[in-house]
Amino acid sequence: MKVPESSLVAAVDRMSRALERFAAAPPVVAVLEELLRQSAATLDAPGAFVCWWGESGRLRTLVTPGVPEEAATICAQRLLASAPGPSELPVPYVAAELERDGLLADEPEARRRLAAGALLSLPIFFSSGRGAAGVLAVLFRQARQPTEADIKRFGLYSRLAGLALERERTAETTRQSVLHARAEVEQSEVLRLSRFQAVTEAFGRALTRDEVARVVLELGLPAVGAVGGMVHLVDPAGTAVELTASVGVPEDLVAPMRVLPKGGKDLPGYEAVRTGAPVWLETADEVRARYPRLSSLVGPGRMQSLVMLPLYVEGHVFGTLGFGFAEAKRFSALERTSITGLARQCGQALERSRLYERERTARLQAEEAGQRLQLLADASALVASSLEWEDTVSGVAKLALGGFADGCTVDAYEDGVVRRLAVLHADSREAPTDSEMPCVVPEAAGPLHASLLSEVLATGRARMLTRPKGMEALAADGTRLPGGGSLIVAPLVARHRTQGALTFVRGEERTSFDEADLALAVELAGRAALAIDNARLLRQARTAEEESRRSAARLHVLVQVSQLIAEAGLDLPTVLDVLASKVSEAIGDACVLQLLSEDRVHLDVVSLHHPNPGARVVLEESLRRHPPRLGEGLSGRVAATGQTLFLPRLKAEELHGERLPEVVSFLEHYGPHSLIIVPLGARGRVVGTLGVMREAQGREYTVEERALLESLAARAALAIEDARLYGAATQAVRARDELLSVAGHELKSPLNALQLQIHLLARMAKDAMAVNGLAERAERAARASQRLGLLIDDLLDVSRISAGRLSLQREEVDLAALTRELVARMSEELVRAGSEVRLVADTPVMGRWDRLRLEQVLVNLLTNAAKYGAGRPVLVTVDARGSVARLAVRDEGIGVAPEEQERIFERFERSASVQHFKGLGLGLWITRRIIEAHGGCIRLESEPGKGSTFTVELPLAEAVSQTG
């Protein structure tokens, strides 16, 4: 709302402009400078100065050119100190000989800088007589006694200086007063504007006529300075004017004016409506003279002036707004404009509220229609989604509670028997018992409802009873409903068969049911009834189908698993993977297959499946971290007892006390799971466990699934045991055949050579001339027999080690000396292989070892280096590092691939690249067992084509003695 400018603000602005014109006069400094020049010229003085007290209480000094300001200020302070009081006449101070005068006797430097022989000064006074405001002085170059005429002329300049200073002081005082007045005006205007702004904002928030009326009276009264007010609005019928709100008006005066007829003449509101203009009543006498009916409203202690304004929008008057003021007043143009503007805004806000109420009514009607359609749509969706007809009908009844009905009963009718399914109420705290109607229908209506229900079930047609407020309810046939409320009984009819009824009830405080409500109730009942027969038939069919499906599924899974096991053959890894994956798919989610270790102490996870890769990793990590032992943990107890573990719901907290919490971390990640673990038993003994898990939220395992898993476990155990036995037998046969083949070949070759050499030796023995040849043949026979002996020793060592009968004869041994001796002993064999041996063993390395077994280790390593070294040099080093003796044999031969470096230390294993070399594949296996028996280890570092380095580490004598 635009608020007119205040008259007080305009007055302050006019004062400000006058002050600006007053201040446009020459500044006081310019006036004083001119006075100094004129006084000095008039008295023929070379210099002059003036000093005065400024507004801040600080002494200000103005001098003519050539006069030092600091010295002039000191001199002025002395002159002001001796100036006469406010009641005394101003007396000039004359220093005819300044050098001898006592004025500056104690300030010789100031007197010197003034460079004056004489001085004449007069104090400056204001007309208000408040004492000396300053001093005006002239300086003479030579000593001089001023004449009376000089003093009179100088006195004129002194009075002019006082006038100039007083004018400046007056202007500053006026300026401060104007600023203070302007601040007060601005504060008043801000308060007035804020009040009008608050009214405008409140009008914007008001939505109803009552809210608008409260705003204009609660916020509008302070804004215009009124103490009371009333708002009258034309009633919806347009025949009268009703009081909407009032503030500050005594109740005995409000009562006669609550409802006023239209077209009257004895009130100012009638005139305001008739003329369309405000009625201004500025005094109590004017009120009493023009409108005697309001005489009691005005007078001492009551209102003294009134304003009545029409409320209209676009030329249409629909009410009045009245203000009362505590004092008689002439309304200024500003006040009239403000009050009229407030009434105009009030009218606009009331029109907006009328449009809002109309729109709200239309919206509510549309929402009610939409709610009916939504109710039907929800009922249809419920019927389509539910397969239990009792729940469906009760659900449809619940949808109607609140918006459509206060209470509802659901009755089923089958084979001539009525069964009450539900008694529902919109407020659950007021829900009645199954044998009662909701409390909105009186007790006397109970028999009447039973009669109506019997009629509806017999005829299949709906009935409605309504009761207008204050009257008895009547049905279509004249039946009366005692007390209050209304009800509808709608039949549940499907395929021309009545299967029950819905009864909807409303209380007396609500609008009674009408024909539209009856149609809606029939529609709701019809939608519920259509699903009843189908739901019943479908439920029976689903029960039979579910049972058939479960049986077929169990049989199918058993057949599939049996078929897959048969297809997997006797290959154990394949059998395990097939079992785990198929069980996970059939029962799921997770399937864990664990087998007892060879020592029957631990359970090893041999196969694990889960459809979620992330969950599979977590589960596998959990099981690897806590491997179960026989008799400990969930799986360990099942394997020990041979009894199935069935836990429909298992939480992580339940396993915190377990010694082996094998699946705790998995349960902490994925929440409670249902668990079944069954033993894998075959031929009277348990070989492992088969476990399944899945989320327990509504998916707990059933007893049927437990039986299925036990059947699968029985088949799995037989398949696993068969595969194990087959694998062991196959491995044994393969090892036997390979041993016999290799041993036969390896033993036959040296034996044939030995036989040949011995044969030749026998023939040559007959020839006495062939002594040298005989010696050579004898040497070859010895080497062949030695090789045969070594092979036989290896076979014997295999037997001893496998039986655990490898014994050590420990003694003090220098490993360096033993290595030098063995290298020297095998030098001829190494030379024949083309390998030059470089030995680095300069320092004795002492330890308690089996000398013969270490010789066997050295022979094996050096023989391998010569055999696979490709005729290149061989490096042998012996040293001690800390508490460990270290022996390294390096060749530059064919090398060993990384994937074969661990395998060649196994029994009868050889690298694929050396298959054309002779040997049993036992040397490195025997070497490792001998070294491990000494408490040491052997490592291989090799790359194909770059040679190999075998490093043996043995504990020294100190370490051996410490370990006992």
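Relevant structure appears above.
Each value, and the rule that gives it
- Residues numbered from 1 in each chain as written.
- Predicted model: local features only at pLDDT ≥ 70, side-chain atom pairs only at ≥ 80, totals over all residues.
- Heavy atoms only, no water.
- Buried < 20%, exposed > 50% of the residue type's maximum accessible area, 1.4 Å probe, protein only.
- Helix = DSSP H or I, 4+ residues; strand = E, 2+ residues; numbered from the N terminus.
- Contact = heavy atoms within 4.5 Å.
- Polar contact = N/O pair within 3.5 Å; in protein donor to acceptor, adjacent residues only side chain to side chain.
- Pairing = 2+ DSSP bridges.
- Axes fitted to C-alpha atoms, helices over the stretch in contact; angles between N-to-C directions.
- 1 Å grid on protein atoms, 1.4 Å probe; cavity = no way out; pocket = protein on both sides within 12 Å on 5 of 7 lines; lining within 4 Å.
- Points joined across faces, edges and corners; volume = space filled by probe spheres on them.
- Nonpolar A, V, L, I, M, F, W, Y, C, P; charged D, E, K, R; others polar.
- Salt bridge = Lys/Arg side-chain N within 4 Å of Asp/Glu carboxyl O.
- Core = buried A, V, L, I, M, F, W, Y, C linked by side-chain atoms within 4.5 Å.
- Phe/Tyr/Trp six-rings, centres within 6.5 Å; stacked < 30°, edge-to-face > 60°.
- Lys NZ or Arg CZ within 6 Å of the ring centre and 35° of its normal.

Visitor: I'd like a rundown of helix H17 (residues 633–641), residues and numbers included.
Guide: Those residues of H17 that fall on the buried side of the exposure criterion are Gly633, Leu634, Ser635, Gly636, Val638 and Ala639. As for H17, its buried residues are in contact with strand E19 (590–596), strand E20 (603–609), strand E21 (645–650), strand E22 (673–682) and strand E23 (685–695). One or two residues past the end of H17 sits Gly642, with phi positive at roughly 75 degrees.

Visitor: Explain the side chain of Ser835 residue by residue, including any values.
Guide: Residue position: Ser835 is located in the loop between helix H22 (827–832) and strand E25 (837–840). A relative accessible area of 4% means that Ser835 is categorised as buried. Within the local environment of Ser835, its side chain forms a polar contact with the backbone oxygen of Arg872, the two atoms lying 3.5 Å apart. Here Ser835 is in contact with Leu830, Ala865, Ala866, Gly871, Arg872 and Val874, once residues within four sequence places are set aside.

Visitor: A description of the sheet that holds strand E7 (residues 240–247) should follow, citing residues and the corresponding values.
Guide: In spatial order, the strands read E8-E7-E6-E11-E10-E9; together these 6 strands make up an open sheet with antiparallel pairing. What marks the edges here is a single partner per strand, and that holds for strand E8 (259–261) and strand E9 (279–281). Here the strands of the sheet are splayed against their neighbours by 20 degrees on average, with no regard to which way each runs. Across 6 bridges, strand E6 (residues 228–234) lies against E7 in antiparallel orientation. Within the sheet, the bridge partner assigned to Gly229 lies in E7 and is Val247.

Visitor: Describe in detail the pairing of strand E17 (residues 486–494), supporting the description with residues and values.
Guide: Here E17 lies mainly inside the structure; 8 of its 9 residues are buried. Alignment of strand E14 (residues 463–465) against E17, held across 3 bridges, turns out to be antiparallel. Pairing of Met464 across the sheet is with Ile488, part of E17. Alignment of E17 against strand E18 (residues 497–506), held across 9 bridges, turns out to be antiparallel. If you follow Ala490 over to E18, its bridge partner there is Leu502. Connecting the antiparallel pair E17 and E18 is a turn made up of 2 residues, with Arg495 showing a positive phi of about 55 degrees.

Visitor: Describe in detail empty space enclosed by the protein, supporting the description with residues and values.
Guide: Throughout the structure, instances matching the rule amount to 2 cavities of 30 Å³ or more. In terms of lining, the largest cavity is formed by 14 residues, of which the most central are Val592, Ser635, Val663, Leu675 and Ile677. Here the lining of the largest cavity gets 4 residues from one element, more than from any other, and that element is E23. Residues of the lining of the largest cavity, tallied by class, amount to 9 nonpolar, 4 polar and 1 charged. The calculated volume of the second largest cavity comes to roughly 40 Å³. The wall of the second largest cavity is formed by Leu815, Leu854, Val857, Leu858, Leu887, Val952 and Leu954. Counting residues per element, the ones that place at least two in the lining of the second largest cavity are helix H23 (851–868) and strand E30 (948–955). Residues belonging to the lining of the second largest cavity are distributed by class as follows: 7 nonpolar, no polar and no charged.

Visitor: Explain the sheet that holds strand E1 (residues 47–53) to me, and be specific about the residues and the numbers.
Guide: The antiparallel open sheet is built from 5 strands, whose spatial order is E2-E1-E5-E4-E3. A strand with exactly one partner marks an edge of an open sheet, and here the two such strands are strand E2 (59–63) and strand E3 (93–95). Geometrically, the sheet is characterised by an average inter-axis angle of 15 degrees between neighbouring strands, direction not taken into account. The pairing of E1 with E2 spans 5 bridges and is antiparallel. Note that in E2 the partner of Cys51 across the bridge is Thr61. In this fold helix H2 (residues 28–42) packs onto E1, E2 and strand E5 (132–140), with an angle of close to 145 degrees to the strand it touches most, E1.

Visitor: Can you lay out the pattern of salt bridges for me, pointing to particular residues and giving the numbers?
Guide: Using the criterion set out here, one finds 34 salt bridges in the structure. Across the salt bridge formed by Arg78 and Asp106, the nearest N and O atoms sit 2.5 Å from each other. Of this pair, Arg78 sits in helix H3 (residues 69–81) while Asp106 sits in the loop between E3 and helix H4 (108–114); the two residues are 28 residues apart in sequence, bridging distant segments of the chain. According to the relative accessible area criterion, Arg78 is partly exposed, its value standing at 25%. Where Lys329 meets Glu335, a salt bridge forms, and the shortest distance between an N and an O atom there is 3.1 Å. For Lys329, a relative accessible area of 17% gives the class buried. If you follow the salt bridges from partner to partner, you end up with Glu821, Arg825, Arg851 and Glu855 in one network.

Visitor: Please provide a residue-by-residue account of the nonpolar core, values included.
Guide: Grouped together as the largest cluster of nonpolar side chains are 39 residues, with contacts concentrated most on Leu815, Trp849 and Leu861. Those elements that provide at least two residues to this core are helix H21 (815–825), H23, strand E27 (874–881), strand E28 (884–891), helix H24 (923–933), strand E29 (937–942) and E30. Tallying contributions element by element places H23 first for this core, with 7 residues. When near neighbours in sequence (up to four residues on either side) are disregarded, Trp849 contacts Gln809, Arg810, Glu811, Val813, Leu815, Leu854, Ala885, His934, Leu954, Pro955 and Leu956. Of all hydrophobic cores here, the second largest spans 31 residues; its members include Ala223, Phe325, Leu342 and Cys346.

Visitor: Now, about the packing of aromatic side chains: what can you tell me, with residues and values included?
Guide: Across all of its chains, the model carries 6 aromatic pairs by this definition. Ring centres of Phe404 and Phe504 lie 5.4 Å apart, and the angle between their planes is 80 degrees; on these two criteria the pair is classed as edge-to-face. Here Phe404 is found in the loop between helix H12 (389–400) and strand E12 (407–414), whereas its partner Phe504 is found in strand E18, with 100 residues between them in sequence. Here Phe404 matches Phe504 in class, with each residue buried. For the ring pair Phe666 and Tyr670, a centre distance of 5.1 Å and an interplane angle of 35 degrees mean the geometry is tilted. A residue pair is termed a helical-turn pair when its members lie 3 or 4 positions apart in one helix, as Phe666 and Tyr670 do in helix H18 (residues 664–670) at 4 residues. A relative accessible area of 1% places Phe666 in the buried class. Each member of the aromatic cluster is reached from another via a ring pair, and the members are Trp280, Phe325 and Phe331. The ring of Trp280 has Arg336 sitting right over it, with the charged end atom 4.7 Å from the ring centre.

In short, the description is geometric, and any link to function would need to be established separately.
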